[in-house]
Amino acid sequence: MTQTLPAPLDVKLMNLTASVLFVGCVLLVLAAGAWWVLRYPGFAIARIVVQGELVHNNAVTLRANVAPHLVGNFFTVDLRAAREAFEQVPWVRRAQVRRVYPGSLRVELQEHDAVAYWGPDTGSALVNSQGEVFEANVGDVEQDGLPRLLGPAGSSPEVLQMFGLLQPVFKPLGLEVETLELTGRGGWRATLDSDAVVELGGGTPQEVVQRTQRFTRTLTQVAAQYGRRVDALESADLRHAGGYALRMRGVTTVVTDTAAATASASAVRRR
């Protein structure tokens, strides 16, 4: 019967030392390889290809602004950080960044399309077609006659939606909504391009639109009753039940019943 004797202690120590040295050599080789990958010029990001419909930016300025923020090479660059760097550029709404071998980054950009100003006229905030508020140089806005929207923080989608509902209601009168505000109490206030201010009241979008439609359907008749055109409107208050109050240049009238108002001047108070 053969009996296996345990290895002497010095042999065990030699084997352990050899294993440790082997693992250490492997780690050194891996570290050297990683250092080489990080430093080798052939793996540097040689090109940044920018795609998308760009109006307020161009590929040259984008690369100049973003390149200093890109850390690492083709293999080690953080794509999430690169995307965030591109999205910090003014007018850029969304960026997608991916590697394209060898040595390139391909960036697909979507810019904001401004449809309105947001907040007071001293600010630099704009609203895009998705109802999102973004900061940009308002001097770069190419569209003329953008409306101004105002409201509490986070209400921009709601205000933009209401603007889209109200604009067609005033258009048959040759009037346009120049400013629309959602007040802190949930009421709506519109300023028209004729400088008239209309208090629209609160409620659901459907209720606000219905009140406004009743107003615009009768405004021409009421104005004509007193020898005025609709652009003579100075202010109106639609928050009255069953009617509205309005003020026209040279005439102030309170309407409690629309039909009666067009037939009688008894509600008119001369200034």
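See the structure above.
Residues numbered from 1 in each chain as written. Predicted model: local features only at pLDDT ≥ 70, side-chain atom pairs only at ≥ 80, totals over all residues. Heavy atoms only, no water.

1. Details of unusual backbone geometry
Right, so step 1: In this model, Tyr101 is joined to Pro102 through a cis peptide bond whose omega is 0 degrees.
Right, so step 2: As for its position among the elements, Pro102 is in the loop between strand E2 (92-100) and strand E3 (104-111).
Right, so step 3: In this model, Trp91 sits at a positive phi of 75 degrees, which is unusual for a non-glycine residue.
Right, so step 4: Inspection of the secondary structure assignment puts Trp91 in the loop between helix H3 (79-87) and E2.
Right, so step 5: Unusually for a residue other than glycine, Asp195 sits at a positive phi of about 75 degrees.
Right, so step 6: Take Asp195: it is sitting in the loop between strand E9 (188-192) and strand E10 (197-201). (Helix = DSSP H or I, 4+ residues; strand = E, 2+ residues; numbered from the N terminus.)

2. Notes on the packing of aromatic side chains
Right, so step 1: One pass over the full model with this rule turns up four aromatic pairs.
Right, so step 2: Note on Phe74 and Tyr101: the rings are 5.9 Å apart at their centroids and 65 degrees apart in plane angle, and the pair reads as edge-to-face. With a gap of 27 residues between them, Phe74 in the loop between helix H2 (59-66) and H3 and Tyr101 in the loop between E2 and E3 connect regions that are remote in the sequence.
Right, so step 3: Ring geometry for Phe215 against Tyr244: centres 5.0 Å apart, planes inclined by 90 degrees, an arrangement best described as edge-to-face. Linking Phe215 in helix H5 (residues 205-225) with Tyr244 in strand E12 (residues 244-248), this pair joins segments that are 29 residues apart in sequence. An identical accessibility class is assigned to Phe215 and Tyr244; each is buried.
Right, so step 4: These aromatic residues form a ring-pair network of at least three members: Phe74, Phe75 and Tyr101. (Phe/Tyr/Trp six-rings, centres within 6.5 Å; stacked < 30°, edge-to-face > 60°. Buried < 20%, exposed > 50% of the residue type's maximum accessible area, 1.4 Å probe, protein only.)

3. Some details on the sheet that holds E2
Right, so step 1: Here we have three strands laid out as an open sheet, ordered E1-E3-E2, and mixed in their pairing. The sheet is open, and its two borders are formed by strand E1 (47-51) and E2, each paired with just one other strand. Sheet twist, expressed as the mean angle between neighbouring strand axes with direction ignored, is 20 degrees.
Right, so step 2: The sheet contacts of H3 involve E1, E2 and E3, and relative to E2 the element is tilted by about 145 degrees. (Pairing = 2+ DSSP bridges. Axes fitted to C-alpha atoms, helices over the stretch in contact; angles between N-to-C directions. Contact = heavy atoms within 4.5 Å.)

4. Remarks on the environment of Asp195
Right, so step 1: Judged by relative accessible area, Asp195 falls into the exposed class, the value being 57%.
Right, so step 2: Along the primary structure Asp195 and Leu233 are separated by 38 residues, whereas in three dimensions their C-alpha atoms are 8.4 Å apart.

5. Focus: helix H4 (residues 156-170)
Right, so step 1: Helix length check: H4, at 15 residues, gives a terminal C-alpha distance of 21 Å against a target of 21 Å (1.5 Å per residue), a fit within 8%.
Right, so step 2: Every buried residue of H4 is accounted for by Ser156, Val159, Leu160, Met162, Phe163, Leu166, Gln167, Val169 and Phe170. (Expected span 1.5 Å × (residues − 1).)

6. Remarks on the pairing of strand E5 (residues 125-128)
Right, so step 1: Residues Ala125 and Val127 line one face of E5 and the alternating positions Leu126 and Asn128 line the opposite face, and both faces are buried.
Right, so step 2: Inspection of the sheet shows strand E4 (residues 114-118) paired to E5 by four bridges, in the antiparallel sense. Counted as the bridge partner of Ala114 is Asn128 from E5.
Right, so step 3: If you look at the hairpin formed by E4 and E5, you'll find six residues sitting between the two strands, and Gly119 has a positive phi there, around 85 degrees.

7. Details of the nonpolar core
In globular proteins that are soluble, nonpolar side chains generally tend to be buried together.
Right, so step 1: Core analysis: the largest hydrophobic core is formed by 39 residues, its most contacted members being Leu180, Leu200, Phe215, Leu233 and Leu246.
Right, so step 2: Among the elements that make up this core, the one with the highest residue count is H4 (seven residues).
Right, so step 3: Once residues lying within four places of it in the same chain are set aside, the contact partners of Leu200 are Leu166, Leu180, Trp188, Ala190, Val208, Arg211, Thr212, Leu238 and Arg239.
Right, so step 4: If you look at the next biggest cluster of nonpolar residues, it comprises 16 residues, including Phe86, Val92, Val97 and Leu109. (Core = buried A, V, L, I, M, F, W, Y, C linked by side-chain atoms within 4.5 Å.)

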